[in-house]
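Listed below are the residues making up each chain.
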Amino acid sequence: MRRKIRRRAGRRAALAAVGAMTASLLLTTPQQAAAGPPNLLTNPGFETAGAAGSDMPSCWSRSGWGDNDFTFATVADAHGGTKAMKVSLTRRVSGDRKALVTENAACAPTVVPGKQYDLSAWYKSNTPDVSVTVFRHDTTAGWQYWTDLQNPPVSAAWARTEVRTPAVPPNTDRIAWGLSVYGVGTLTTDDYAVEEVGAAPPQPSCTGTAEQCAKGKWEVMAAQNPVRSMHAVVLKNGKVLLIAGSGNDIAQFNAGTFTSAVYDPVAGSVKTIPTPVDMFCSGHVQLADGRVLVMSGNKGYPSADGTIGYQGLKDSYVFDPATEKYTKTNDMNGGHWYPSATILGNGDVISFGGLKEDSTGNVTAEKFSAAQGRWLPMNEVNQTWSYWGLYPSMILMQDGRLFYSGSHTFGNGTAGSGASVYDYDANTITDVPGLRRKDERDESASVLLPPAQDQRVLTVGGGNNESNPAANRLTDVIDLKKPSPAYTAGPDLPQGLVDTGAGKRPQTGAEGKMYVSAVLLPDGKVLETGGGLHDRADPVFEASFFDPASNTYQAGLATDPIPRTYHSGAFLLPDGRVMSVGDNPGNGTYNHAVSVYTPPYLFKGPRPQLTSVIDTEWVYGDTQRITVNRPIAKAELIRPAAVTHSSDPNQRFVDLPMTVVDGTTIDLNVTSNPNLAPPGWYMLFGVDANGVPSVATWVHLGGAPALAAGAQQPRPAPHEHAFADRLAAPKPNPARREAAPVAPTVAGCDRHYGTAGVCVPGAFPAEVKKTTQARCAWLAAHRFPQRMKVNGSDPLRLDADGDGFTC
């Protein structure tokens, strides 16, 4: 513990140890990195007065927002020269105040896209609620908030803070910045600097074939998945929990055979885990302590004739990676087959949607209290009585609200625009516009793009399992930082080869894919892979990278040789590779092959190494020191995957702005906002200028309890911004009700044929003629059983001779 306390004394946690000692520690630690040009700021020390009548020094402006009382003053208590800037907040409900470099061509320094800049200032403060805040000028969109970089600690004496920006985004020509005060207290600043980082990165070398260096490489593992897994969770020890339950196999359900497995990617070993209930199509999320909360699952399969649909369980369990065992919690308030699961900034978990025990749609929100370790009674959870559908993608925003991206499983989207902002505290739902073809986003994928601080969400592809059109190529992007956020069209999804039953052919026209996987990578790109052209059929062999910086796709990557459609998933491993499992087409089979993708960045020469991470227990607003074997360009936390059915709403990449002490010693600045990085275990990556990542080190990010061990001080309030604050009027909430009506055919299967484990499409693809011969030929090409029992009537006319069996 002493080592941890000593490490934190330099920054956030030792708030009690302020004054001269803090200043001395900062002054004696070498802070200046190798930089190119001299200070790019005009009037960095406030010495030049503003124009006649101005109340601020030249090239400085008053800035801020919110409900607070504040003062700005140019004072003589200077670090250098004769003047400094003093900003005080005497009352604060919301918002911040800051002296900001004036946002014009005369004052804001010119920057170069792709370059990084060291920002530094001298300061004194009596509040921990201070943040280095940066704005950028987009040559098309104008000035806009960029990012918060650091939370300097309290200091009674003059201290110096320094932090390096991320690479400047494309189309950015200038930046402006200042130190924001967002809590009651006083901040005095002086002698600001902006210096360009001058060292050019070494040219990468190719260590594989030319194709591997451009496209990466897929490998099918010798060890197979021992269970028919529908769910994959990367555990805090680097192993992977694969949950099957009955594995969408009614024979296993009837036998009470429910399974999970733990896969060790390092050893290549697999261990089967006893599983207490049918967790097939449950929800799951990592809790703050690294255990996995698994909620609901399958209480019963549909009846043979389809008059009764799937039924949801109330049951809930936690899986402990240390013991590799499930332990029961209290029940949920109702069944939720296909529920959402989102961890909140305080460690609680909120869940929506799914099917109840009677196959109707569940309209109640459920909340798991981290402090109490239990699901709360319904009357202790805010309710809108809204039905969100199945696996609705609910993404935590930086201010604690939830963004429903429009991605879901089965059928149409929600009524209205198909995407919305849910405010739990206000208990309101407000639609946001722009999502194209919102009723064809079934089995699309949505991710909070890197870094989480940018608050941009990408939604990829999708279809509709009921009408069964060809999956689309649409990608839409929304910037939640805007006052009135709306989806805008992104580039079309790249096309690949599709196997429609007669061998692979190139995709044409508007053909895209559903059941797509989207994986955040440590170089800041998104890998999209897998998927199919139609519901549970016609796999597409294609993979690409989406680059959030340029909003473009890099097409033509190596493709997984294994089809990956329904009940498949892909996820990031701690070594920077991507694993892909599963495929459960409509004929009821399951592909047990496991594939691993090595991205091109692992063929670009030696990897940087995190030679030491001094403390692996992290606190919000803290600064953590690491050492590396050679310079890196960025570092980040990536939350481990918990993915099923293209859905992982908790997946996020959190930037860690760097203060570079020297070429191998770096301080990482941790956000003070737990809504940006909910508590839990994360993979810490260091990435060099060529995008080559280190192997991850596991670190635990926590809040007040961890902080109390170091300094007995409260956690600082998160620095939030006025995002999405001009939304349309909220929709009226439905009246209190027990459930929403849901057709028993919600899964898109016509249950009049075969067993519940076989999914004959209720609507065949458009190119299939509506004749017995054409439909039977399609079923044969997709390897359905040759003669399936007809359960009652024959709505698809598959039993031409009337013998009670198809085709």
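From a predicted model like this one, the values you see are computed outputs, not experimental measurements.

1. Comments concerning the pairing of strand S53 (residues 680-687)
Stage number 1. Most of S53 sits inside the fold, with eight of its eight residues counted as buried.
Stage number 2. Alignment of strand S48 (residues 634-638) against S53, held across five bridges, turns out to be antiparallel. Bridge pairing in S53 places Glu636 opposite Phe685.
Stage number 3. Relative to strand S54 (residues 697-702), S53 runs antiparallel, the two sharing five bridges. Its bridge partner being in S54, Trp681 is matched across the sheet by His700.

2. Topic: the packing of aromatic side chains
Stage number 1. This model, assessed by the stated rule, comprises 30 aromatic pairs.
Stage number 2. Between the aromatic rings of Trp337 and Tyr338, the centroid separation amounts to 4.1 Å while the plane-to-plane angle is 50°, which identifies the pairing as tilted. For the residue pair Trp337 and Tyr338, the accessibility class agrees, reading buried in each case.
Stage number 3. With a centroid separation of 6.1 Å and 40° between ring planes, the pair formed by Trp778 and Phe784 is classed as tilted. Comparing Trp778 with Phe784 shows no difference in burial state: the two are buried.
Stage number 4. One aromatic cluster is present, built from ring pairs that chain together Phe253, Phe258, Phe280, Tyr301, Tyr310, Trp337, Tyr338, Tyr391 and Phe410.
Stage number 5. Sitting over the ring of Phe541, Lys504 keeps its end group 4.0 Å from the ring centre.
Stage number 6. Sitting above the plane of the Tyr566 ring, Arg536 keeps its charged end 3.9 Å from the centroid.

3. Looking at the sheet that holds strand S15 (residues 269-274)
Two pairing modes exist for strands in a sheet, parallel and antiparallel, and in both the strands are linked by backbone hydrogen bonds.
Stage number 1. Pairing is antiparallel across the open sheet formed by five strands, whose spatial order is S15-S14-S13-S12-S49. Of all strands in the sheet, those bounded by a partner on one side alone are S15 and strand S49 (642-643).

4. Comments concerning helix H6 (residues 772-781)
Stage number 1. If you check which residues of H6 are buried, you get Ala774, Arg775, Cys776, Trp778 and Leu779.
Stage number 2. Packing partners of the buried residues in H6 comprise strand S39 (537-541).
Stage number 3. At the C-terminal side of H6, Arg783 shows a positive phi close to 60°.

5. Let's talk about the state of the cysteines
Stage number 1. With the rule as written, the count across this model stands at four disulfides.
Stage number 2. Paired through a disulfide, Cys776 and Cys807 show a sulfur-sulfur distance of 2.0 Å. Measuring the twist about the S-S bond at about -90°, one finds the Cys776-Cys807 disulfide to be left-handed. Remark: Cys807 occurs in the segment after H6 and Cys776 occurs in helix H6; sequence separation between them is 31 residues.
Stage number 3. Owing to a relative accessible area of 13%, Cys776 belongs among the buried residues under this scheme.
Stage number 4. What makes Cys807 partly exposed here is its relative accessible area of 49%.
Stage number 5. The connectivity of the disulfides in the protein is 1-2, 3-4, 5-6, 7-8, where the numbers refer to bonded cysteines in sequence order.
Stage number 6. In this structure Cys281 is not part of a disulfide, and its nearest cysteine sulfur, from Cys749, lies 11 Å away.

6. Regarding the side chain of Asp622
Stage number 1. Mapping Asp622 onto the fold places it in the loop between strand S46 (617-619) and strand S47 (623-628).
Stage number 2. Given the relative accessible area of 1%, Asp622 is considered buried.
Stage number 3. Within the structure, the side chain of Asp622 is placed 2.8 Å from the side chain of Gln624, a separation counted as a polar contact.

7. Some details on the sheet that holds strand S17 (residues 292-295)
Stage number 1. Across the sheet, which stays open at both edges, the four strands sit in the order S16-S17-S20-S21 with antiparallel pairing between neighbours. Looking at which strands have only one partner, the edges of the open sheet turn out to be strand S16 (283-286) and strand S21 (325-328). Across the sheet, the axes of successive neighbouring strands diverge by a mean angle of 25°, strand direction being ignored.
Stage number 2. Bridge count between S16 and S17: four bridges; the pairing is antiparallel. Bridge assignment links Val285 to a residue of S17, and that residue is Leu293.

Thresholds, definitions, all that
Residues numbered from 1 in each chain as written. Predicted model: local features only at pLDDT ≥ 70, side-chain atom pairs only at ≥ 80, totals over all residues. Heavy atoms only, no water. Buried < 20%, exposed > 50% of the residue type's maximum accessible area, 1.4 Å probe, protein only. Helix = DSSP H or I, 4+ residues; strand = E, 2+ residues; numbered from the N terminus. Pairing = 2+ DSSP bridges. Phe/Tyr/Trp six-rings, centres within 6.5 Å; stacked < 30°, edge-to-face > 60°. Lys NZ or Arg CZ within 6 Å of the ring centre and 35° of its normal. Contact = heavy atoms within 4.5 Å. Disulfide = S-S within 2.5 Å. Polar contact = N/O pair within 3.5 Å; in protein donor to acceptor, adjacent residues only side chain to side chain. Axes fitted to C-alpha atoms, helices over the stretch in contact; angles between N-to-C directions.

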